[in-house]
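# Descriptive analysis of the structure
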Amino acid sequence: MHTKKEYIAVFDSGVGGISVLRELVKRMPNEKYLYFGDSANAPYGSRSTQEVRGLTMAAADMLLQRNVKALVVACNTATAVAINDLRAAYPDVIIIGIEPALKMAADRFPRGTIGVMATSVTLREEKFHQQIERFPGARVEVIPANGLVPMVEKGLLEGPEVDAYLQDALGKYVGKLDALVLGCTHFPFVAEAVQKVMGEKTLILDGGEGTARETERRLAEAGLCNDGPGSVQIENSAGDARLMTLAAELLER
Ligand code: DGL
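In short, a report on the structure.

Rules and cut-offs
- The numbering scheme is per chain: residues are counted from 1 as the chain's sequence reads.
- Since the coordinates come from a predicted model, pLDDT governs what is reported: local features require at least 70, and pairs of side-chain atoms require 80 or more to be given and counted, while whole-chain, interface and lining totals use all residues.
- Side-chain metrics in this entry use all non-hydrogen atoms of the structure; hydrogen atoms and water are not considered.
- Lines are fitted to the C-alpha atoms to define the axes, a helix being fitted only along its stretch in contact, and any angle between axes, read from their N-to-C directions, falls within 0 to 180 degrees.
- Helix and strand labels come from DSSP, where a helix needs a run of H or I of at least four residues and a strand needs a run of E of at least two; each type is numbered from the N terminus.
- Throughout, the term roughly parallel applies to angles under 35 degrees, roughly antiparallel to angles over 145, roughly perpendicular to angles from 65 to 115, and oblique to all others.
- Handedness of each helix crossing follows the sense of rotation of the near helix against the far helix: counterclockwise by less than a right angle gives left-handed, clockwise gives right-handed.
- Only heavy atoms matter for contacts: two residues are in contact if any of them lie within 4.5 Å across the pair.
- Just so you know the grouping, Ala, Val, Leu, Ile, Met, Phe, Trp, Tyr, Cys and Pro go in nonpolar, Asp, Glu, Lys and Arg go in charged, and all remaining residues, Gly too, go in polar.
- The way it works is a 1 Å grid over only the protein atoms, where trapped points that fit a 1.4 Å probe form a cavity and open points with protein on both sides within 12 Å along at least five of seven lines form a pocket, and then any residue with an atom within 4 Å of a point lines it.
- Grid points are joined across faces, edges and corners, and a volume is the space filled by probe spheres set on the points.
- Pairs of N or O atoms are called polar contacts if they sit within 3.5 Å, as long as, within protein, a hydrogen donor faces a hydrogen acceptor (for residues adjacent in sequence, only side-chain-to-side-chain pairs).

## Thoughts on the packing of helix α2 (residues 49–63) against helix α3 (residues 76–89)
The interhelical angle for the contact between α2 and α3, taken along N-to-C directions, is 55°, at an axis separation of 9 Å. Viewed along their axes, α2 and α3 adopt a mutual orientation that is oblique. As α2 packs across α3, the resulting crossing turns out to be right-handed. Residue-level contacts link Thr49, Val52, Arg53, Thr56, Met57 and Ala60 of α2 to Thr77, Ala78, Val81, Ala82, Asp85, Leu86 and Ala89 of α3. For the contact of α2 with α3, a count of residues per class yields eight nonpolar, three polar and two charged.

See below:
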């Protein structure tokens, strides 16, 4: 039964999902979090759909043996590929995925031009195309940016290499977007550099806060909220001390 289970498991291909974890902790500080980053297999965003599905199911199988009441898939790529499979495999678990925050952008600019920067897997999956169809008034520009993921995994969040990459990916959209959606959980960590390239007129959005809100809503609905004390446990498949330090630093940012 749900009632005895304690942890909210949060999963990403690497350290990116920490951008969602920090929103969860901010919103629900009394919960116990178990964060798992699969950095040994990152980036997911340039893998085949089958590979992403296999890695995501394996991570969920491991996490859901561990006293977990809810699983937050804090990875747009894994959500796009595997959220339906996860829900089918674990019908009794609360499973929340993250999607590019297109709705938030389209609510704000229903007839606007909206960029969605994400991995090429997220952008090619059917789930994303169905999402675009829900906002027929908006013009959506699709911007793959797989190369940012290894930079963030290395802790490179600003500086000439990040600027050059962003200039290359975003340069042609400067002055043309009302909003830019960061559709990969690694990207909020380079949001300042993105804003610098795009200029102040483009609204930069991500789905972290919305995902935390939805997680809280689902837990409350099921009567599964915890009164504390809260805790955060971080694990990573790469078994690399540098990544553990980076994860802790990103959580504090
Ligand atoms: N953080 C993941 C996302 O939200 C993907 C990063 C990767 O390519 O592994 O899409």
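## Topic: the layout of surface pockets
Quantified by volume, the largest pocket comes out at close to 560 Å³. Lining the largest pocket are 24 residues, and of these Glu99, Gly207, Gly210, Thr211 and Glu214 sit closest to its centre. Elements with a minimum of two residues in the lining of the largest pocket: α3, β4 (94–97), α4 (102–108), α6 (126–133) and α10 (208–221). For the lining of the largest pocket, the element with the highest residue contribution is α10, accounting for six residues. Considering only residue class, the lining of the largest pocket consists of eight nonpolar, six polar and 10 charged.

## With respect to the side chain of Thr119
Positionally, Thr119 belongs in the loop between β5 (113–118) and α5 (120–124). Only 2.9 Å separates the side chain of Thr119 from the side chain of Thr77, close enough to count as a polar contact. Once you skip the residues sitting within four places of it in the chain, Thr119 turns out to touch Gly45, Thr77, Asn146, Val149 and Cys184.

## A word on empty space enclosed by the protein
Evaluation of the coordinates by the stated rule reveals four cavities of 30 Å³ or more. Taken as a whole, the largest cavity encloses approximately 60 Å³ of empty space. In terms of lining, the largest cavity is formed by Asp12, Ser13, Tyr44, Gly45, Cys75, Asn76, Thr77, Thr119, Val149, Cys184, Thr185 and His186. Residue composition of the lining of the largest cavity, by class: four nonpolar, seven polar and one charged.

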